[in-house]
Amino acid sequence: MIGLISTLLVLVAGVAICVAGINLIHDQPLLGGLILGGSLGYYLFSYLVVPPAGLGVWFPLIGFVVGGVIGAIIARPLYMVILVITSSMLGALIGLAISYVLQLGGSPQRWKQLSISINLNDPLQVWLMIIFALALGVLSLPFEEFMTMLSTGFVGGAMFVSSLVILFAPTVGLLNNPVFVVFLWFAVGMGGLAWQNHTQQI
């Protein structure tokens with residue numbers, strides 16, 4: 001039950017970030033900081049922090065609360081920090097995707113067997129994630145508005161799609177196909193970017 005709640009929380013947060021990221025950061029920084037900081041805390045506590053004994057299933061939710069509180073506190077006075085972090089999250093996702101492309105090559109059979117996950121024991125994957133995270137974090141400074149829409153569109157899209165995979169992969173065969181999942185992420189991210197750009201023009 002806790003796992004289901006966590007997944008639904010990430011799904012809802014992902015949709016909000018994907019379609020309204022720039023509005024959350026610019027117009028409602030407290031809410032934007034809460035959602036973005038909470039999402040970052042969720043993933044950090046899921047993949048990088050070892051949970052204390054007995055807190056395993058609760059630990060990602062605790063990470064969301066801790067990250068959300070910190071994000072809400074710093075969102076208004078340190079707006080650019082939130083933007084750089086969000087852009088860096090997108091950079092890490094791009095580095096992750098590139099690491100798979102480099103390691104699997106063009107073999108359709110190997111792509112079908114791919115399990116999309118973060119492997120901290122893979123030096124290539126880790127370094128690519130770090131390099132692209134730093135690169136997009138730096139790019140967010142001179143291209144503030146565009147990088148806000150791009151990063152939130154694709155980061156929110158990744159959260160949304162990963163939640164769909166967790167919820168529906170057992171019953172929807174396509175969600176077990178990593179190539180389809182990557183294209184779905186790209187489509188959702190582009191949709192979020194386009195929608196945010198449209199709302200900015202109104």
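Note that the coordinates shown come from a computational prediction; the quantities given were computed from them, not determined experimentally.

**Remarks on the overall build of the protein chain**
The number of helices and strands found in the protein chain is 8 helices and 0 strands. C-alpha extents for the protein chain along the principal axes are approximately 50 × 40 × 35 Å. A total of 202 residues make up the protein chain; the buried ones form 42% of that total. Long-range contacts, defined here as pairs at least 24 residues apart, represent 71% of the contacts in the protein chain between residues at least 6 apart. Accessible area of the protein chain: about 10,600 Å², with a carbon and sulfur share of 76%.

**Side note on the environment of Gly68**
For Gly68, the location among the structural elements is in helix 3 (residues 59–75). Excluding its chain neighbours within four sequence positions, the residues that come into contact with Gly68 are Gly33, Leu34, Gly37 and Gly38.

**Side note on empty space enclosed by the protein**
Across all of its chains, the model carries 1 cavity of 30 Å³ or more by this definition. Looking at the lining of the largest cavity, the element that brings in the most residues is helix 2 (residues 29–47), giving 3 residues. In the lining of the largest cavity, the residues fall into 5 nonpolar, 2 polar and no charged.

**Here's the deal with the side chain of Ser99**
Within the secondary structure layout, Ser99 lies in helix 4 (residues 79–104). Classification of Ser99 as buried rests on a relative accessible area of 0%. Of the polar contacts made by the side chain of Ser99, one reaches the backbone oxygen of Leu96; its length is 2.6 Å. Those residues in contact with Ser99 that sit more than four places away from it in its chain are Gln125 and Leu128.

**With respect to the environment of Leu11**
Relative to the helices and strands, Leu11 resides in helix 1 (residues 2–26). Sequence separation of Leu11 and Val69 is 58 residues, and the distance between their C-alpha atoms is 19 Å. Those residues in contact with Leu11 that lie beyond four places of it in its chain are Phe160, Ser163, Leu164 and Leu167.

**As for the packing of helix 2 against helix 3**
Where helix 2 meets helix 3, the closest approach of the two axes is 6 Å, and the angle between their N-to-C directions is 145°. Between helix 2 and helix 3 lies a crossing of right-handed hand. Only Phe59, Pro60, Leu61, Ile62, Gly63, Phe64, Gly67, Gly68, Val69, Gly71, Ala72 and Ala75 of helix 3 make contact with helix 2, whose side of the interface consists of Pro29, Leu30, Gly33, Leu34, Ile35, Gly37, Gly38, Ser39, Gly41, Tyr42, Phe45 and Ser46. Counted by class, the contact of helix 2 with helix 3 contains 14 nonpolar, 10 polar and no charged residues.

**What to know about the layout of surface pockets**
By volume, the second largest pocket amounts to about 190 Å³. Along its surface, the second largest pocket is lined by 16 residues, and Gly37, Leu40, Gly67, Ile70 and Gly71 are the ones closest to its centre. At the level of secondary structure, the elements contributing two or more residues to the lining of the second largest pocket comprise helix 2, helix 3 and helix 4. Considering only residue class, the lining of the second largest pocket consists of 10 nonpolar, 6 polar and no charged.

**Quick notes on the packing of aromatic side chains**
A full pass over the atoms with the stated rule returns 4 aromatic pairs. Seen from their ring centres, Tyr42 and Tyr43 are 5.3 Å apart, and the 85° between their planes marks the pair as edge-to-face. Judged by relative accessible area, Tyr42 falls into the buried class, the value being 12%. On the numbers, 6.0 Å between centres and 50° between planes, the contact of Phe154 with Phe186 is tilted. Here Phe186 lies in helix 8 (residues 178–201) and Phe154 lies in helix 7 (residues 144–168), a separation of 32 residues in the sequence. Note on Phe186: relative accessible area 47%, which makes it partly exposed. Ring-pair connections join several aromatic residues into one group, and the members of that group are Phe154, Trp185 and Phe186.

Definitions and cut-offs
- Residues numbered from 1 in each chain as written.
- Predicted model: local features only at pLDDT ≥ 70, side-chain atom pairs only at ≥ 80, totals over all residues.
- Heavy atoms only, no water.
- Helix = DSSP H or I, 4+ residues; strand = E, 2+ residues; numbered from the N terminus.
- Buried < 20%, exposed > 50% of the residue type's maximum accessible area, 1.4 Å probe, protein only.
- Contact = heavy atoms within 4.5 Å.
- Areas by Shrake-Rupley, 256 points an atom, 1.4 Å probe, with all protein chains shown as cover.
- 1 Å grid on protein atoms, 1.4 Å probe; cavity = no way out; pocket = protein on both sides within 12 Å on 5 of 7 lines; lining within 4 Å.
- Points joined across faces, edges and corners; volume = space filled by probe spheres on them.
- Nonpolar A, V, L, I, M, F, W, Y, C, P; charged D, E, K, R; others polar.
- Polar contact = N/O pair within 3.5 Å; in protein donor to acceptor, adjacent residues only side chain to side chain.
- Axes fitted to C-alpha atoms, helices over the stretch in contact; angles between N-to-C directions.
- Left-handed = near helix turned anticlockwise from the far one by under 90°.
- Phe/Tyr/Trp six-rings, centres within 6.5 Å; stacked < 30°, edge-to-face > 60°.

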